[in-house]
Amino acid sequence: MKAAVTLICVLMMGTATAKGAFDDTDDAIQYRQAAFGLIKENFADMGAMLKKKKPMDSEAFAQRAQHLALLAEIPFTGFIPGSDKGKTDALGKVWQQRSDFDQRASQFAQATATLAQVSQGNDLKATAKAFGDVGKTCKGCHDNFKKD
Ligand code: HEC
């Protein structure tokens with residue numbers, strides 16, 4: 001909930017600045033972290049259903065998956081030049097190896113789109129696989145581009 005409010009506030013501040021760009025690297029960092037917070041909330045809730053830590057509700061799951069797919073591109077606009085400095089866990093490699101980072105971001109977006117689609121069917125096994133594939137893209141990027 002806090003992440004959602006932060007994201008909305010940052011979005012509103014974004015529209016107030018020229019062309020919606022970030023003037024301030026701190027804003028950009030907060031924006032991308034808030035977006036990752038929402039991503040995590042959706043991802044973790046789906047994980048809880050698949051691991052039977054809470055009852056499976058296939059409609060709720062499909063909605064989570066759809067929202068995750070909608071969120072998938074949001075954090076990446078916040079990785080602006082100079083935002084490797086500040087309260088961030090992003091490694092400098094993000095900017096030094098940008099094409100690898102961008103490629104991982106697009107693979108992540110692709111995997112979330114697949115999950116959103118697959119979760120609309122009634123194939124739990126296929127859904128679990130698509131979910132696992134998304135998780136691999138999170139981990140792959142974090143292992144390379146995020147402090148732990
Ligand atoms: C292409 C790279 C990439 C992908 C894919 C990715 N992340 Fe991240 N994530 C990062 C980086 C880099 C940071 C550090 C951001 C910062 O601190 O500025 C981060 C930060 C986070 C954070 C911490 C946010 C905060 O409040 O500081 C969470 C939670 C998170 N990611 C969850 C996820 C989950 C869950 C997935 C997959 C469903 C995912 N990420 C996919 C690169 C990625």
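Attention in this report is confined to the structure presented alongside it. (Residues numbered from 1 in each chain as written. Predicted model: local features only at pLDDT ≥ 70, side-chain atom pairs only at ≥ 80, totals over all residues. Heavy atoms only, no water.)

## Overview of the coordination of the iron atom of the ligand
Tetrahedral coordination by four donors puts the ideal angle at the metal at 109.5 degrees, and octahedral coordination by six puts it at 90 or 180 degrees.
Alright, step 1. In this structure the iron atom of the ligand is ligated by exactly one protein donor, His142 (NE2), at 2.0 Å.
Alright, step 2. In this fold, His142 is placed in helix α6 (residues 124–145). (Donors = N, O, S within 2.8 Å, 3.2 Å for Na, K, Ca; no water. Helix = DSSP H or I, 4+ residues; strand = E, 2+ residues; numbered from the N terminus.)

## Some details on the site of the ligand
Alright, step 1. Of all residues adjacent to the ligand, which total 22 residues, the nearest are Arg32, Thr88, Cys138, Cys141 and His142.
Alright, step 2. Take Gln33: an N or O atom from its side chain is 2.8 Å from an oxygen atom of the ligand.
Alright, step 3. Note that an oxygen atom of the ligand is positioned 2.6 Å from one of the side-chain N or O atoms of Thr88.
Alright, step 4. At the level of secondary structure, the elements contributing two or more residues to the shell around the ligand comprise α2 (25–50), α5 (98–118) and α6.
Alright, step 5. Here the residues of the shell around the ligand are counted per class, giving 13 nonpolar, 4 polar and 5 charged. (Near = heavy atom within 4 Å. Polar contact = N/O pair within 3.5 Å; in protein donor to acceptor, adjacent residues only side chain to side chain. Nonpolar A, V, L, I, M, F, W, Y, C, P; charged D, E, K, R; others polar.)

## With respect to unusual backbone geometry
Alright, step 1. One non-glycine residue, Lys52, lies in the positive phi region at around 60°.
Alright, step 2. In this structure, Lys52 sits in the loop between α2 and α3 (58–71).
Alright, step 3. Judged by its relative accessible area of 73%, Lys52 falls in the exposed class. (Buried < 20%, exposed > 50% of the residue type's maximum accessible area, 1.4 Å probe, protein only.)

## Brief notes about the nonpolar core
Alright, step 1. The biggest cluster of nonpolar side chains holds 24 residues, and the ones touching the most others in it are Met46, Phe101 and Leu115.
Alright, step 2. Where this core is concerned, the elements lending two or more residues are α2, α3, α5 and α6.
Alright, step 3. Ranked by the residues each element gives to this core, the list is headed by α5, at 6 residues.
Alright, step 4. When near neighbours in sequence (up to four residues on either side) are disregarded, Leu115 contacts Met46, Phe61, Ala65, Leu68, Thr127, Ala130, Phe131 and Val134. (Core = buried A, V, L, I, M, F, W, Y, C linked by side-chain atoms within 4.5 Å. Contact = heavy atoms within 4.5 Å.)

## Structural notes on the side chain of Ser83
Alright, step 1. Following the sequence through the fold, Ser83 ends up in the loop between α3 and α4 (93–96).
Alright, step 2. The buried category is assigned to Ser83, whose relative accessible area is 0%.
Alright, step 3. From its side chain, Ser83 meets the backbone oxygen of Ile80 in a polar contact 2.6 Å long.
Alright, step 4. For Ser83, the contacting residues outside a window of four places in its chain are Thr25, Ile29, Arg32, Gly78, Thr88 and Trp95.

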